[in-house]
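One letter stands for each residue in the lines below.
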Amino acid sequence: RASKKVEETPRKRLFVLDFHGDIRGTEVGLLREEITALLTVARNQDEVLVRLESSGGLVHAYGLAASQLARITDQKIPLTVAVDKVAASGGYLMACVADKLIAAPFAIIGSIGVITQIPNFHRLLKKHDIDFEQVTAGEFKRTITMFGESTDKAREKLKQDVEDTHTLFKDFVKQQRPIVDLDETATGEYWLGQRAHELNLVDTLGTSDDYLMSQSEEADIFEIHYRVKQKMLERITTMFRQMGRRRLSLDEHDGHSPHLM
């Protein structure tokens, strides 16, 4: 009698990426390489989990980071972002791209706002009879600077630039998470995970560990890390630097108990 060949459905794969952002968004380059690599093998039935920790930073850096995550959703590959500690400001700009956003109950979420600040030493220079010369072409090539005299017109222009950036931030969040009430949440404030969940800034409460455990039975889990190969001298320098940090850490904590502040 004729026999039929049974085709098995490929097992789901869960690709795990880590992003620990600083104010300059220096890990964006690594994130881009990791996403490029996974997009060459990921299927629509797979999933990507990004464990994201960042309190934000430069607008252009975090805008690029959010665009990198959007490459995943543009390919119709499910994207989950898990926040165990903080995803604020630029961090939340990235996180809101996710199809599913998970936060620990006490993670810091939100801060949908924009800030710019700069010290001004003009009066100090004037007091010491020091001249500062700056030549520009274009009325608003520079507004507020560290050494030049600040004018009301320059302040107004800078304020307008900040407001324009905030509007773009809000528009992006609204596009990614239309369920969020921006009148209530786009105030620059942040919330802990439980309250952020009530405000629809996140979808569920939990930790990245909880989520990985829940997926371990039904999916093969792979961590993706992109590393730049170091030359021998760089490897030796890095090794001694790490040894020094570990020694310093032991000296600082020897004889002391951990405590909350």
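Located above this text is the structure these notes cover.
Described below are features of the structure shown in this document. Please read all numbers here as calculations on a predicted model, not as lab measurements.

Rules and cut-offs
- Residues numbered from 1 in each chain as written.
- Predicted model: local features only at pLDDT ≥ 70, side-chain atom pairs only at ≥ 80, totals over all residues.
- Heavy atoms only, no water.
- Helix = DSSP H or I, 4+ residues; strand = E, 2+ residues; numbered from the N terminus.
- Buried < 20%, exposed > 50% of the residue type's maximum accessible area, 1.4 Å probe, protein only.
- Contact = heavy atoms within 4.5 Å.
- Right-handed = clockwise from strand over helix to strand, strands pointing away.
- Pairing = 2+ DSSP bridges.
- Axes fitted to C-alpha atoms, helices over the stretch in contact; angles between N-to-C directions.

### Topic: the environment of glycine 113
So, point 1. Along the chain, the position of glycine 113 falls in the loop between strand S6 (108-110) and helix H4 (122-127).
So, point 2. For glycine 113, a relative accessible area of 18% gives the class buried.
So, point 3. For glycine 113 and valine 162, which are 49 residues apart along the polypeptide, the C-alpha to C-alpha distance reads 9.2 Å.
So, point 4. Excluding its chain neighbours within four sequence positions, the residues that come into contact with glycine 113 are Ser89, His166, Phe169 and Gly188.

### Structural notes on the pairing of strand S3 (residues 79-83)
So, point 1. Most of S3 sits inside the fold, with 5 of its 5 residues counted as buried.
So, point 2. Neither face of S3 is exposed, since Leu79, Val81 and Val83 on one face and Thr80 and Ala82 on the opposite face are all buried.
So, point 3. In this fold, the crossover linking strand S2 (residues 47-53) to S3 by way of helix H2 (residues 59-74) has right-handed handedness.
So, point 4. Where S3 lies against strand S5 (residues 100-103), 4 bridges are found, and the strand directions are parallel. Among the inter-strand pairings, valine 83 is bridged to a residue of S5, identified as alanine 103.

### Examining the sheet that holds strand S1 (residues 12-20)
So, point 1. What the 6 strands build is an open sheet, ordered S8-S5-S3-S2-S1-S9; its pairing is parallel. Each edge of the sheet is formed by a strand with only one pairing partner; in this case those strands are strand S8 (204-205) and strand S9 (219-223).
So, point 2. As paired strands, S2 and S3 are joined by 4 bridges and run parallel to one another. In the strand pairing of S3, arginine 51 is matched with alanine 82.
So, point 3. Lying on the sheet, H2 is in contact with S1, S2 and S3; it crosses S3 at an angle near 135°.
So, point 4. Relative to the sheet, helix H8 (residues 208-215) contacts S1, S2, S3, S5 and S9, its axis offset from that of S2 by approximately 165°.

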